[in-house]
Amino acid sequence: MQVLGNMSIGNTAVGRISKFENNRSGTIATGVEIFGNLLISAQGEMDFSDGVNGTPDGIVRLHGNWTDNQLADGFREGESTVFFVGNALQTLNRPAVAGNENFHNVVVNKTGGFLDNNMADWYIENDINFLQGIVRTTTTAYLVFEAVATARNASDNSFVDGPVVRETDNG
């Protein structure tokens, strides 16, 4: 599915939840390309988890900003892949009281501008692939790699500028 502008999930009456769901288990080519900004409101949810471990859960291809205002888990990532492909500054936004945002796989393939982390911490569960573009973090908004997560293809043209944390498995 393509959204030729902004995509807003939620903005409904308090007590009601709006949901965008990709439930095609194992079908990696399914998902959504958003040519504007993504807003998951306090009453919204974007669910890309099929509930089956080991199966790809689709793709989100975003050209604009990512904002998740849901205080619980507005983005259920499952084993999805999120592409950041904008040609200008893109920001990742989440209220500090909501906590971190988790992504299973990420691809940074920006033709221009930066990708700025403006949320608490941004967690990579499995893999981040740096093809083109710079991710900027701060001392209050890290990029965190879970113990099994990997980073691929970092170069002078695609890397993290700022603090990065690597979790360890001390079992």
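The coordinates are above.
So, a few notes on the structure that sits alongside this text. Positions within a chain are numbered from 1, following the residues in the order the chain's sequence is written. Restriction of local features to residues with pLDDT of at least 70 applies here, the model being predicted, together with a cutoff of 80 or more for giving and counting side-chain atom pairs; totals for whole chains, interfaces and linings are based on all residues. Remark: hydrogens and water are excluded; side-chain values derive from all non-hydrogen atoms of the structure.

### Quick look at the pairing of strand β13 (residues 122-136)
A large share of β13 lies buried, amounting to eleven of its 15 residues. Pairing analysis gives eleven bridges linking strand β12 (residues 101-118) to β13, with the strands arranged parallel. Each residue of the ladder has a partner; that of Val107, found in β13, is Asn129. Sheet topology places β13 next to strand β14 (residues 143-145); three bridges connect them, and they run parallel. Of the residues in β14, the one forming a bridge with Trp122 is Leu143. Summarising the sheet, β13 and strand β15 (residues 150-152) pair through three bridges and their orientation is parallel. Each bridged residue has a counterpart across the sheet, and for Asp127 the counterpart in β15 is Thr150. Across four bridges, the pairing between β13 and strand β16 (residues 158-161) is parallel. When the sheet's bridge partners are listed, Val135 is paired in β16 with Val160. Type-normalised accessible area, obtained with a 1.4 Å probe on protein chains alone, sets the label of each residue: buried when under 20%, exposed when over 50%, and partly exposed for intermediate values. Each helix corresponds to a stretch of at least 4 residues labelled H or I by DSSP, and each strand to a stretch of at least 2 residues labelled E; elements are numbered beginning at the N terminus. At least two DSSP bridges between two strands are needed for those strands to be called paired.

### So, the nonpolar core
The set of buried Ala, Val, Leu, Ile, Met, Phe, Trp, Tyr and Cys residues whose side-chain atoms join them within 4.5 Å is what this entry labels a nonpolar core. Counting residues in each nonpolar core, the largest one holds 30 residues, and the members touching the most others are Met46, Trp66, Phe84 and Trp122. Here the element with the most residues in this core is β13; it accounts for five residues.

### A closer look at the environment of Gln90
On the secondary structure map, Gln90 appears in strand β11 (residues 90-93). It is 9.5 Å that separates the C-alpha atoms of Gln90 and Val135, two residues lying 45 residues apart in sequence. Beyond its immediate chain neighbours, meaning those up to four positions away, Gln90 contacts Leu62, His63, Gly64, Asn65, Phe84, Val85, Lys110, Phe114, Leu115 and Asp116. A distance of 3.1 Å separates the side chain of Gln90 from the backbone oxygen of Leu62, its partner in a polar contact. Whether two residues are in contact is decided by their heavy atoms: any pair within 4.5 Å suffices. Any pair of nitrogen or oxygen atoms within 3.5 Å is treated as a polar contact; in protein, a donor-acceptor pairing is required on top of that, and neighbouring residues in sequence qualify only through side-chain atoms on both sides.

### With respect to the side chain of Ser158
Secondary-structure assignment places Ser158 in strand β16. Here Gly133 takes part through its backbone oxygen, which lies 2.9 Å from a polar atom of the side chain of Ser158. If we ignore the near neighbours within four places in the chain, the residues touching Ser158 are Val108, Phe130, Leu131, Gln132, Gly133 and Asn153.

### Notes on the pairing of strand β10 (residues 81-84)
Side chains Thr81 and Phe83 project from β10 onto one buried face, and the interleaved Val82 and Phe84 project onto a second face that is buried too. Of the pairings in the sheet, the one linking β10 to β12 comprises four bridges and is parallel in character. Across the sheet, residue Val82 finds its bridge partner in β12, namely Val106.

### Some details on the pattern of salt bridges
Salt bridge, as used here: a side-chain nitrogen of Lys or Arg that lies within 4 Å of a carboxyl oxygen of Asp or Glu. With the rule as written, the count across this model stands at five salt bridges. Taking the shortest distance from any N to any O, the salt bridge between Glu45 and Arg76 comes out at 3.2 Å. Taken together, the residues Glu45 in strand β6 (residues 44-47) and Arg76 in strand β9 (residues 75-76) connect sequence positions 31 residues apart. Look at Glu45 and you get buried, because its relative accessible area is 12%. Since its relative accessible area comes to 35%, Arg76 is described here as partly exposed. Between Arg136 and Asp116 there is a salt bridge, and its shortest N-O distance comes to 2.6 Å. Of this pair, Arg136 sits in strand β13 while Asp116 is found in strand β12, placing the two residues 20 residues apart along the sequence. A cluster of three or more residues bridged by salt bridges with shared partners is formed by Glu45, Asp73 and Arg76.

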